[in-house]
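As a plain string of letters, each chain reads:
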Amino acid sequence: MKNYAVALLSMCISLFVSDLSAQSEPVDTTLFKSMEYRLVGPYRGGRSIAVAGHKDRVNEYYFGATGGGLWKTTDGGNTWDPVTDGQINSSSVGAVDVADSNPDIVYIGTGESQFRGNIMQGDGVYKSTDAGKTWKHAGLKNSQTVARIRVHPTNPDIVYAAVLGHPFGPNEDRGVYKTTDGGDTWKKILYKGPKAGAVDLIIDPSDHNTIYASTWAVYRTPWKMWGGGGASGLFKSTDGGENWEELSNRPGMPEAPIGKIGVTVSPVDSNRVWAIIEANNGGVFRSDDGGKTWEQTNSERKLRQRAFYYTRIYADPKDKEAVYVLNVNFWKSTDGGKKFDTEIKVPHGDNHDLWIDPSNPMRMAEANDGGGTISVNGGKTWTDENFPTAQLYHITATNDFPYFVAGAQQDNSTIAVPSEGWNFLTARTNTLKKSTPQYAVGGGESGYIAQDPKDLDIFYAGSYSGVLTRYNRRTGESRRIEPYPRYFMGEPAETLPERVHWTYPIVFSPVDSDRLYVTSQHVWTSNDRGQSWTKISPDLTYADPETMGESGGVITLDMSGPELYATVYALAPSHHDVNTIWAGSDDGLIHITRNHGESWENITPPDVPKHSRISIIDVSRHHAGTAYVAIKRYQMNDRAPYIYKTDDYGKTWKKIINGIPHGHYVHAIREDVKVPGLLYAGTEHGMYVSFNEGENWKSFQLNLPDVAIRDLVVNEKDIAIATHGRSMWILDDISPIREYKEDIAQKDLHLYTPYYAVRRVQDAVFQYYLGKESDNVTIEIMDSSGNTIRKFVYEEPTEEETSEEEASEEEKDKKEKDKDVPSNHVGLNTFTWDLRYPGATVFDKMILWSARPKRGPMVLPGEYQVKVTANGKSETREFEVKMDPRVQGVTLADLEKQFDLLLNLRDKFSEANEAVISIREYKQEKGDKIRKSILKKLNAIESELYQVKNESRQDPLNYPIKLNNKLASLSLIVDSAEARPTDGAYQVYEELSQELGKLMDQLNSLILSDKKGKRIKG
């Protein structure tokens, strides 16, 4: 039931790579050795701003995910794999280039230069010399944002990097850099001050000493993005970067102020240069004399809207008159940049980077807000973007069984994906990535999601501009129910009566399921599912006028929602008192009400400075006055982690970050729902766990790549996490975490308490720790009275079996599953039982149609025990097997009848097979001593019991099935669902039983005894 994630899990394994330079101590690898996060999707791409290929490798491409590392395809874009997991300390890859002279040499720059609100920072440049298999850091560690990487066409040790620098403050590392030794050392060759970084860069294909670069003065705060003016400009060097001349003040260029600039040079004619320029009279500009003079060829806003997010231009490698501009749409001009009337349709909007094969312009790779995509016909068709690089904000685990994980995906929609056990909703398909049921739940790309506690088909979801929907999963109806439905876009916060953040809280009271809450700068509540709303708070923010003005820059304003400030960003109603609510603002305040809004108290920790974003407030289920708060200040150029705890409703606070390194700032904090003081934290570089109320934290990456964890949910059994670049994952069965004690590592054997199992949906999973390798591991499944149902024993591999080195992973997995063998290694071991009794007796080379003879009847709902014996010790735990709660109209008595019939069918099938085995043994033993008349009759009986002509799997289509197959197939029919057997099943069972009885009578009358004087078994 979890196989839909196996293929992608196998390519995502990495070990504790949160920050190799300042790494916290990981959790004990022996205690949690076999635990793995499981990727559950969605399998749809997130934003990419970097893509590259090579002219000599027509099926090989790379794209950088802004939150998911570098991905590579070797089959022309049909499948993609992450290639930097475990080797780089940044999830954000914003620049990539493959050396023209050697396609095995690849450079990437980390960080994100398309300056939207959720940009992620990097740690410089990385280099691979084996086509992406291995990576090493190659300098510029403090750059944070590398906008472009350009490798010299003939010397791969010469590389240029356009460093935009720190997004959230002045930075001396900004500018254009050059290395001549493959990244060992770098020299800054163009610098225009700490406020203007380099944003675009290109080497003239015809003259490798000629370089064009643009600089952009830009910065961000939590409340605005501001770009343009200052030292923004376009520059040219003709001596490999030693000297530069400014082009942005040349004749024909637009008047100041100038903002972001994209630049390209024609490979056909070095004198032809294009620039797309953000300016009041900006647009596309062309020079035919290498930048000395310019003319504006196009001023259409479709090419320069939201300039901070786009502004990229590309020359065609073969056609001097062809040029491409990327914006919301993908445009092409064939008249030298005058008219862009050809739109190239790609799988996703918002276009950011383009690579064109210099020898074949029909072959393209393009990066957009859905990832990387490939075309081999000049953009007529493109490959799918169905890789798991989704950037999620907040998530919820639904109360369905099995549950869904629902989240809002940046640049897409909300989406709910199944945790397991929903394959019945999926028709057969040949594409794993699309084979799981998933659906949107209203809202949009940025919002919270809340499932209605009383009606599980109703979802409340948000999006920017204050959108709030009530979505009905049964009907697909979506209704807008904002408390204050005055839509806004492009307006500064100071003009809005209600300031609603890009991602604002939507939450039900855990105590009163009729109370729904949302926020602006106020807290709102509804008791009638959004039909009416009541404001129950004053403004709970600083509401500093300086933080509520315009955003965008001196040329182009941009107020889509992420910069809207002074709002209530976190909300947490109490689990104990219906009138207690905690609220946190995005500008640094925490408040509490104990009387449902009649009064509010400012309980902000005294050392929390203004402009700190209160990211998550998690109130304890176990202690009424306890709450945990995750705070982040990275947009104030402060990348330290901040977590606070209070046990007295905020009267006093304690900072609890010991073990979380600098740079791993915290997005989310959650307490375990069962174990007080067991905490989980999602940071910019992965997961952390604390077993002692936050006194100490340990890295809890397991197999996760380095990725930002924006939210996490702990439920009865699992942890679900939302990454901002690698979709959603689940850590199943967290008993070893909940039962963690240091002394377990000193034991020879420890058996963890199993979670309940559910028939046909959720197998029983047993996790046990071995302090040393054991040559004798036994797992016994017993009923409540101690009667053994199944027994599984570890066996040493025989010499005839395939060695570990020779067997593929798939073969080893299949071998383990087929043999049902417990593992015996030191550390945590996991064994899964399918809830079934032993199967029937079978014989070698038996071929049946529509039958599963090795599968016995499923145990009935009830209490069971598991006993593990190893290293001379035994431990026993109880667990429950439940019926699927979705099944209606079926009683335990019905299942008992089904079980009885299945047991009888198994035994009858075994009887038939044992008779075949006995006949064959008898014939082999007696050989020529058997009279021909007796042999003929034995063969006739055998051929009635089993179709002896079967040699291949589809032979039953030619040779009719016989009695044992009919018994096994009837068993499969009876076992097809939770139900009492049909009358027809009993009728056929009686008929087949009588046929078997007659054949057994014939057999035993034919041969009274074997050589030992025993009757033929029947």
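One can find the structure itself at the top, above this paragraph.
Model, not experiment: these values are computed from the prediction.

A.B. asks: What exactly am I supposed to notice about the overall build of the protein chain here?
C.D. replies: Secondary structure summary: the protein chain contains 7 helices and 64 strands in total. In terms of overall size, the protein chain behaves like a compact globule, its C-alpha atoms giving a radius of gyration of 33 Å where 1018 residues would be expected to give roughly 31 Å. In terms of overall dimensions, the protein chain has a C-alpha envelope of 110 × 70 × 55 Å along the principal axes. Put simply, the protein chain has 1018 residues, and 61% of those count as buried. For the protein chain, the share of sequence-separated contacts (at least 6 apart) that also reach a separation of at least 24 residues comes to 58%.

A.B. asks: In this structure, what is going on with the layout of surface pockets? I would like to understand it.
C.D. replies: Gaps between atoms show up when a probe of the same size as a water molecule is rolled over them. By volume, the second largest pocket amounts to about 1300 Å³. Lining of the second largest pocket is provided by 48 residues; of these, Thr396, Ala397, His575, Arg621 and Val713 occupy positions nearest its centre. Counting residues per element, the ones that place at least two in the lining of the second largest pocket are strand 30 (392–397), strand 33 (449–451), strand 37 (506–508), strand 42 (568–573), strand 46 (613–619), strand 50 (666–671) and strand 54 (709–714). Considering every element that reaches the lining of the second largest pocket, the biggest residue donor is strand 46, with 5 residues.

A.B. asks: Mind showing me how you'd approach helix 4 (residues 892–926) here?
C.D. replies: Structural remark: α-helix, 3.6 residues per turn; residues separated by three or four positions point the same way. The end-to-end C-alpha distance of helix 4, which contains 35 residues, comes to 50 Å, matching closely the 51 Å that a straight helix rising 1.5 Å per residue would cover. Residue glycine 927 follows helix 4 closely and has a positive phi angle near 60°.

A.B. asks: Any chance you could explain the environment of tyrosine 680 here in plain terms?
C.D. replies: Mapped onto the secondary structure, tyrosine 680 falls in strand 51 (residues 679–683). Classification of tyrosine 680 as buried rests on a relative accessible area of 0%. C-alpha separation for the pair tyrosine 680 and glycine 379, spaced 301 residues apart in sequence, amounts to 46 Å. One polar contact links tyrosine 680 to aspartate 672, side chain to side chain, over a distance of 2.8 Å.

A.B. asks: Sorry if this is basic, but what is going on with the nonpolar core here?
C.D. replies: Within soluble globular proteins, side chains that are nonpolar tend to cluster in buried spots. Tyr680 and Phe700 are the most contacted members of the largest nonpolar core, which totals 63 residues. Beyond its immediate chain neighbours, meaning those up to four positions away, phenylalanine 700 contacts Val27, Tyr37, Met687, Tyr688, Val689, Ile719, Leu731 and Ile737. Counting residues in hydrophobic clusters, the runner-up holds 35 residues, among them Leu848, Ile930, Ala968 and Ala985.

A.B. asks: I'm lost on the sheet that holds strand 9 (residues 136–137) in this one. Help?
C.D. replies: Two pairing modes exist for strands in a sheet, parallel and antiparallel, and in both the strands are linked by backbone hydrogen bonds. Taken together, 4 strands build an open sheet; the order of strands is 6-7-8-9 and the sheet is antiparallel. Each edge of the open sheet carries a strand with a single partner, namely strand 6 (93–98) and strand 9. Direction of pairing for strand 7 (residues 106–110) relative to strand 8 (residues 125–128): antiparallel, over a ladder of 4 bridges. The residue of strand 8 that forms the bridge with valine 106 is serine 128.

A.B. asks: Help me understand the sheet that holds strand 56 (residues 728–731) in this model?
C.D. replies: Strand order across the open sheet formed by 4 strands is 1-56-55-54, with antiparallel pairing between neighbours. In this open sheet, the two edge strands, each paired with only one partner strand, are strand 1 (37–41) and strand 54. Strand-to-strand, the axes of this sheet are offset by a mean angle of 25°, without reference to chain direction. Relative to strand 56, strand 1 is paired through 4 bridges, and the arrangement is antiparallel. Within strand 56, the residue paired with glycine 41 across the bridge is methionine 728.

A.B. asks: Help me understand the packing of helix 4 against helix 6 (residues 963–974), please; the structure alone is not making it clear to me.
C.D. replies: Two measures define how a pair of helices packs: the angle their axes make with one another and the distance between the axes. Across the interface, helix 4 lies against helix 6 with an axial gap of 9 Å and an inter-helix angle of 160°. Relative to helix 6, the element helix 4 is oriented roughly antiparallel. Helix-helix and strand crossings are classified by hand; for helix 4 and helix 6 the assignment is left-handed. Here helix 4 contributes Gln898, Leu901, Leu902, Leu905, Lys908, Phe909, Ala912 and Asn913 to the contact with helix 6, which in turn contributes Asn964, Leu967, Ala968, Leu970, Ser971 and Val974. Partitioned by chemical class, the residues of the contact of helix 4 with helix 6 number 9 nonpolar, 4 polar and 1 charged.

A.B. asks: What is the right way to look at the packing of aromatic side chains in this model?
C.D. replies: Working definition: an aromatic ring pair is given by the centre-to-centre distance plus the angle between the planes. The final tally for this structure, using the stated rule, is 30 aromatic pairs. Both rings, one in phenylalanine 766 and one in phenylalanine 879, keep their centres 5.2 Å apart while their planes meet at 65°; by these two values the pair is edge-to-face. Within this pair, whereas phenylalanine 766 is found in strand 59 (residues 764–770), its partner phenylalanine 879 is found in strand 64 (residues 873–882), the two being separated by 113 residues in sequence. Here phenylalanine 766 and phenylalanine 879 have matching classes, each one buried. The rings of Phe32, Tyr37, Phe691, Phe700 and Tyr740 are connected pair by pair, giving a single aromatic cluster.

A.B. asks: What should I look at first to understand the packing of helix 4 against helix 7 (residues 983–1006) in this one?
C.D. replies: Packing of helix 4 against helix 7 leaves a shortest axis separation of 11 Å and a crossing angle of 25°. With respect to helix 7, the element helix 4 is oriented roughly parallel. When you trace helix 4 past helix 7, the crossing you get is left-handed. Where helix 4 approaches helix 7, its residues Lys897, Leu901, Asn904, Leu905, Lys908, Glu911, Ala912, Ala915 and Ile919 are matched on the opposing element by Ala985, Tyr986, Tyr989, Ser993, Leu996, Met1000 and Leu1003. Tallied by class, the residues present in the contact of helix 4 with helix 7 amount to 11 nonpolar, 2 polar and 3 charged.

A.B. asks: Is there a simple way to explain the pattern of salt bridges in this structure?
C.D. replies: Opposite charge on two side chains permits them to pair, given that their charged atoms come into close proximity. Applying the stated criterion to the full structure yields 58 salt bridges. For arginine 38, the salt bridge is made with aspartate 732, and the minimal N-O distance between the two is 2.8 Å. In this pair, arginine 38 sits in strand 1 while aspartate 732 sits in the loop between strand 56 and helix 2 (735–738), placing the two residues 694 residues apart along the sequence. Take arginine 38 and aspartate 732: they sit in the same class, and that class is buried. Across the salt bridge formed by aspartate 411 and arginine 47, the nearest N and O atoms sit 3.0 Å from each other. Residue aspartate 411 is located in the loop between strand 31 (404–409) and strand 32 (414–418), and its partner arginine 47 is located in the loop between strand 1 and strand 2 (48–54); the two are separated by 364 residues in the primary sequence. A relative accessible area of 10% places aspartate 411 in the buried class. According to the relative accessible area criterion, arginine 47 is buried, its value standing at 1%.

A.B. asks: Honestly, the pairing of strand 55 (residues 719–723) in this entry has me stumped. Any pointers?
C.D. replies: As a general feature of sheets, a regular strand has side chains that alternate between the two faces. Of all 5 residues making up strand 55, 5 are buried, and the element is well covered by its neighbours. By the alternation rule, side chains of strand 55 split into Ile719, Ile721 and Thr723 and Ala720 and Ala722, which are all buried. Pairing geometry for strand 54 and strand 55, over 5 bridges, is antiparallel. Within strand 55, the position partnered with valine 714 by the bridge is isoleucine 719. The sheet contact formed by strand 55 and strand 56 spans 4 bridges and is antiparallel. Pairing of isoleucine 721 across the sheet is with tryptophan 729, part of strand 56. Adjacent in sequence and paired antiparallel, strand 55 and strand 56 are bridged by 4 residues, among which glycine 725 carries a positive phi angle near 155°.

A.B. asks: Help me understand a nonpolar patch on the surface in this model?
C.D. replies: On the surface, Trp849, Leu957 and Ile961 cluster together into a nonpolar patch covering about 280 Å² of accessible area. If you trace the backbone, leucine 957 turns up in the loop between helix 5 (932–945) and helix 6. Judged by relative accessible area, which is 59%, leucine 957 ranks as exposed.

Rules behind the numbers
Residues numbered from 1 in each chain as written. Predicted model: local features only at pLDDT ≥ 70, side-chain atom pairs only at ≥ 80, totals over all residues. Heavy atoms only, no water. Helix = DSSP H or I, 4+ residues; strand = E, 2+ residues; numbered from the N terminus. Rg over C-alpha atoms; globule rule 2.2 N^0.38 Å. Buried < 20%, exposed > 50% of the residue type's maximum accessible area, 1.4 Å probe, protein only. Contact = heavy atoms within 4.5 Å. 1 Å grid on protein atoms, 1.4 Å probe; cavity = no way out; pocket = protein on both sides within 12 Å on 5 of 7 lines; lining within 4 Å. Points joined across faces, edges and corners; volume = space filled by probe spheres on them. Expected span 1.5 Å × (residues − 1). Polar contact = N/O pair within 3.5 Å; in protein donor to acceptor, adjacent residues only side chain to side chain. Core = buried A, V, L, I, M, F, W, Y, C linked by side-chain atoms within 4.5 Å. Pairing = 2+ DSSP bridges. Axes fitted to C-alpha atoms, helices over the stretch in contact; angles between N-to-C directions. Parallel < 35°, antiparallel > 145°, perpendicular 65-115°, else oblique. Left-handed = near helix turned anticlockwise from the far one by under 90°. Nonpolar A, V, L, I, M, F, W, Y, C, P; charged D, E, K, R; others polar. Phe/Tyr/Trp six-rings, centres within 6.5 Å; stacked < 30°, edge-to-face > 60°. Salt bridge = Lys/Arg side-chain N within 4 Å of Asp/Glu carboxyl O. Patch = residues over 30% accessible without salt bridge, like charges linked within 9 Å, V, L, I, M, F, W, Y side chains within 5 Å. Areas by Shrake-Rupley, 256 points an atom, 1.4 Å probe, with all protein chains shown as cover.

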